[in-house]
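One letter stands for each residue in the lines below.
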Amino acid sequence: MAEDRRLRQGNNLIMSKVESLESSMNDHHRHHHHELMGGEEVVVTVDWRGRPSNAAKHGGMKAASFVLGLQSFEIMAIAAVGNNLITYVINEMHFSLSKSANIVTNFIGTVFLLALVGGYLSDSYLGSFWTMLIFGFVELWGFILLSVQAHLQQLKPPPCNNSTAVGEDYCEEAKGFKALIFFVALYLVALGSGCVKPNMIAHGADQFNPADNPKLSKKLSTYFNAAYFAFSVGELIALTLLVWVQTHSGMDVGFGVSAAVMAMGLICLVSGTLYYRNKPPQRSIFTPIAQVFVAAILKRKQVCPSNPHLLHGSQNNDNAFSSDIDPFLHSQKFRFLDKACIKIEDGSNTKESPWRLCTVTQVKQVKVLLSVIPIFASTIVFNTILAQLQTFSVQQGSAMDTQLTKSFHIPPASLQSIPYIILIFLVPLYDALFVPFARKLTGNESGISPLQRIGAGLFFATFSMISAAVMEQKRREAAVTSNKTLSIFWITPQFLIFGLSEMLTAVGLIEFFYKQSLKGRMQAFLTAVTYCSYSFGFYLSSLLVSLVNKITSSSSSSTGSHGGWLSDNDLNKDRLDLFYWLLAGLSFLNFLNYLFWSKWYSHSPSSSSSSSSSSSSSRAQQQDHYRYSTAAAATSADHNLP
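Notes on the structure follow. Keep in mind it's a predicted model, so treat the numbers as computed, not measured.

1. Side note on a nonpolar patch on the surface
On the surface, F459, F463, L582, L586, F588, L589, L592 and L595 cluster together into a nonpolar patch covering about 640 Å² of accessible area. For the nonpolar patch, the elements supplying multiple residues, two or more each, are α15 (450-481) and α19 (576-602). Of all the elements, α19 adds the most residues to the nonpolar patch, at six residues. Topologically, L592 is positioned in helix α19.

Spelled out as structure tokens, the structure:
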């Protein structure tokens, strides 16, 4: 019996040691998955095996360079297809001009809208790396299928023939199985590209964690500039070399080259696997947001405390509270949402449902999302201007002298490459010279804040349209009154100015939205939101053209046109210059509108005095049911964060 008792005691001792060891290992595991940065809980990244990442081995510009490679190759592949797609649809699929235009427009719009799907899947379930890898292969198979169809005549409608009685060419439109193959291939490309795009930016930015090294906050700004540089290189090669291959070697070869380029991008992505910091998915990113609205509605009759420290989720950590949670919870913006954090004290210890009681972190994220909507909306007109440079400005160039030498003429569509030629030189100069200089003046790691950068870009966009209007007026007068054709180089200034504008606005917008995520929960999705601005901008462009034609058709006698400013296919009869002036006016009004909303976003009037905050924080320390979960990403956020 004594021996049995000693044996049981020994077993109990062993079990207690094992439990102690497991507990310490779990604590160590939690420590690696939840770092503290200035008293704040941070979502920690892992390596490819799911182990906590090592700052000495993972992340940084070395890891991000592999993602930049994918970004350059992916935009190269998709841009080569998109820019010449209408030619293939008309000449090979034999769709009408109106149908072809709609096919191309719907394809581009779908790519940008599907970015939201990619961002959601990444943040909620897959993570950025696996989302890029899976949908990268989806995009690759789309390119391969397009190439196969373009190469095999039996998968395309028969060539046009002139066997009709009137001697006109008869072209059979693609139908049935042939049309099905085309649209399946096209929308595989759209699905893959849309889901890959936001994750390239987000995954590359995830490689920089200021918690490991404060200097990485500077490199994060450099990364966003480098990402746009990679984008510009890819666009430039697509608009020149790959389009030339499609024109001279056939669309089957062109689509095949796009497939090969995309494959190279995926090889780049996989090559960096050992170096990536991977941010684990956080389950559904929309559930915490929905919980805030539901809880706020259910507690709409409750009275918010005068001090935000007395809200559920507050922690007895003054430094952490004042650093990041102060700006939003001390503001009067969307004050009704604070009711979601009110904990009802009824004497029982019953835990309230997360659909009735939310933390301050959840509320703050919802406030951030609501506050950035006007910023997002202010960039739609900017992308409407971009649509003109890809449509009317190309048509404008077609009506000018394109001869460069006796044997070489500049393709009008190649004018779109001008901004990217400039950006290849401008982006490195901006990051190497302007950012360090501005950093000394402003103290901002990015030189100027993302909001200031967006504003500067919107301001320059107005001058792009002014330049376009002046040049079109000069071109039209020379053609109508003197029968002269101006050189195509006269319209390059509008492309140059917009190139500068796009560098400022596009990069600033991506950086701004990436930094609005709290605890790294929605960075891919918020990055995807920026791509929706492109879709809305192009849709607004189509709407504006229709409205302008409808309104100006009634005053055709006074304007000299036959049915509206843009109703003819002859620019000498149309009034494209007046349309450009209209866009310049809208752009300037949009800039003023942006100034108002950016100031509103940045302004955070305090709802409580500092003394009140101090005293109530002391009371909060005595209440153990008040907890506080702070935001990780906000530390590196824009200095203008409200």
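Picking up after the structure, the text goes on.
2. So, the packing of helix α9 (residues 287-298) against helix α11 (residues 360-377)
Interhelical geometry of α9 versus α11 gives an angle of 95° and a closest axis separation of 9 Å. Taken together, α9 and α11 sit at an angle that is classed as roughly perpendicular. Seen from α9, the contacting residues are P288, I289, Q291, V292 and F293; seen from α11, they are Q362, V363, V366, L369 and L370. Broken down by class, the residue content of the contact of α9 with α11 amounts to eight nonpolar, two polar and no charged.

3. Considering the packing of aromatic side chains
One pass over the structure, following the stated rule, counts 31 aromatic pairs. Judged by centre distance (5.0 Å) and plane angle (15°), the ring pair of F382 and F498 falls under stacked. Note that F382 is positioned in helix α12 (residues 380-390) and F498 in helix α16 (residues 492-514), a separation of 116 residues in sequence. Here the two residues F382 and F498 agree in accessibility, since each one is buried. Here a set of aromatic residues connected by ring pairs shows up, and it is made of Y88, F95, F182, F183 and F255. Here the basic side chain of K474 rests over the ring of W490, its NZ or CZ set 5.1 Å away from the ring centre.

4. Thoughts on helix α4 (residues 115-126)
Between its first and last C-alpha, α4 extends only 14 Å over 12 residues, short of the 16 Å set by a 1.5 Å rise per residue. Taken together, the buried positions of α4 are A115, G118, G119, Y120, S122, D123 and S124. A positive phi of about 85° marks G127, the residue just after α4.

5. Remarks on the environment of K197
Among the secondary structure elements, K197 is positioned in helix α6 (residues 176-205). Among the residues examined, K197 registers a relative accessible area of 7% and is labelled buried. Here the alpha-carbon distance between K197 and L116, two residues 81 residues apart in the chain, equals 9.8 Å. With sequence-adjacent residues up to four places away left out, K197 is seen in contact with E74, I75, I78, V111 and Y531. For K197, the side chain forms a polar contact with the side chain of E74, separated by 3.4 Å.

6. Regarding the nonpolar core
One finds F182, Y223, F224 and F579 to be the most contacted residues of the largest nonpolar core, which totals 147 residues. Considering every element that reaches this core, the biggest residue donor is helix α2 (residues 60-91), with 17 residues. Excluding residues that lie within four positions of it along the chain, F224 makes contacts with I201, A205, V507, I510, E511 and Y514.

7. Quick look at the side chain of S124
For S124, the location among the structural elements is in helix α4. With a relative accessible area of 2%, S124 lands in the buried category. Of the polar contacts made by the side chain of S124, one reaches the backbone nitrogen of I285; its length is 3.2 Å. Apart from the residues within four sequence positions on either side, S124 is in contact with P281, Q282, R283, S284 and I285.

8. Focus on helix α17 (residues 523-552)
Over its 30 residues, α17 runs 44 Å from end to end, which matches the ideal 44 Å to within 8%, given 1.5 Å per residue. When you tally the buried positions in α17, you get 21 out of 30 residues, the bulk of the element.

9. Examining unusual backbone geometry
For H94, which is not a glycine, the phi torsion comes out positive at approximately 65°. As for its position among the elements, H94 is in the loop between α2 and α3 (97-113). In this structure H94 comes out as buried when scored by relative accessible area, which is 9%. Even without being a glycine, N483 presents a positive backbone phi close to 55°. Following the sequence through the fold, N483 ends up in the loop between α15 and α16. A residue is classified by how much of its surface remains accessible, and N483, at 69% relative accessible area, is exposed.

10. Re the packing of α15 against α19
Across the interface, α15 lies against α19 with an axial gap of 8 Å and an inter-helix angle of 170°. Considered as vectors, α15 and α19 are oriented roughly antiparallel to each other.

11. Re the pattern of salt bridges
Counted under the stated rule, the structure contains eight salt bridges. Its salt-bridge partner being E511, residue K515 comes within 2.9 Å of it at the nearest N-O pair. Here K515 matches E511 in class, with each residue buried. A salt bridge links D577 to R575, with the nearest nitrogen and oxygen atoms 3.0 Å apart. For D577, a relative accessible area of 2% corresponds to the buried category.

The rules we used
- Residues numbered from 1 in each chain as written.
- Predicted model: local features only at pLDDT ≥ 70, side-chain atom pairs only at ≥ 80, totals over all residues.
- Heavy atoms only, no water.
- Patch = residues over 30% accessible without salt bridge, like charges linked within 9 Å, V, L, I, M, F, W, Y side chains within 5 Å.
- Areas by Shrake-Rupley, 256 points an atom, 1.4 Å probe, with all protein chains shown as cover.
- Salt bridge = Lys/Arg side-chain N within 4 Å of Asp/Glu carboxyl O.
- Helix = DSSP H or I, 4+ residues; strand = E, 2+ residues; numbered from the N terminus.
- Axes fitted to C-alpha atoms, helices over the stretch in contact; angles between N-to-C directions.
- Parallel < 35°, antiparallel > 145°, perpendicular 65-115°, else oblique.
- Contact = heavy atoms within 4.5 Å.
- Nonpolar A, V, L, I, M, F, W, Y, C, P; charged D, E, K, R; others polar.
- Phe/Tyr/Trp six-rings, centres within 6.5 Å; stacked < 30°, edge-to-face > 60°.
- Buried < 20%, exposed > 50% of the residue type's maximum accessible area, 1.4 Å probe, protein only.
- Lys NZ or Arg CZ within 6 Å of the ring centre and 35° of its normal.
- Expected span 1.5 Å × (residues − 1).
- Polar contact = N/O pair within 3.5 Å; in protein donor to acceptor, adjacent residues only side chain to side chain.
- Core = buried A, V, L, I, M, F, W, Y, C linked by side-chain atoms within 4.5 Å.

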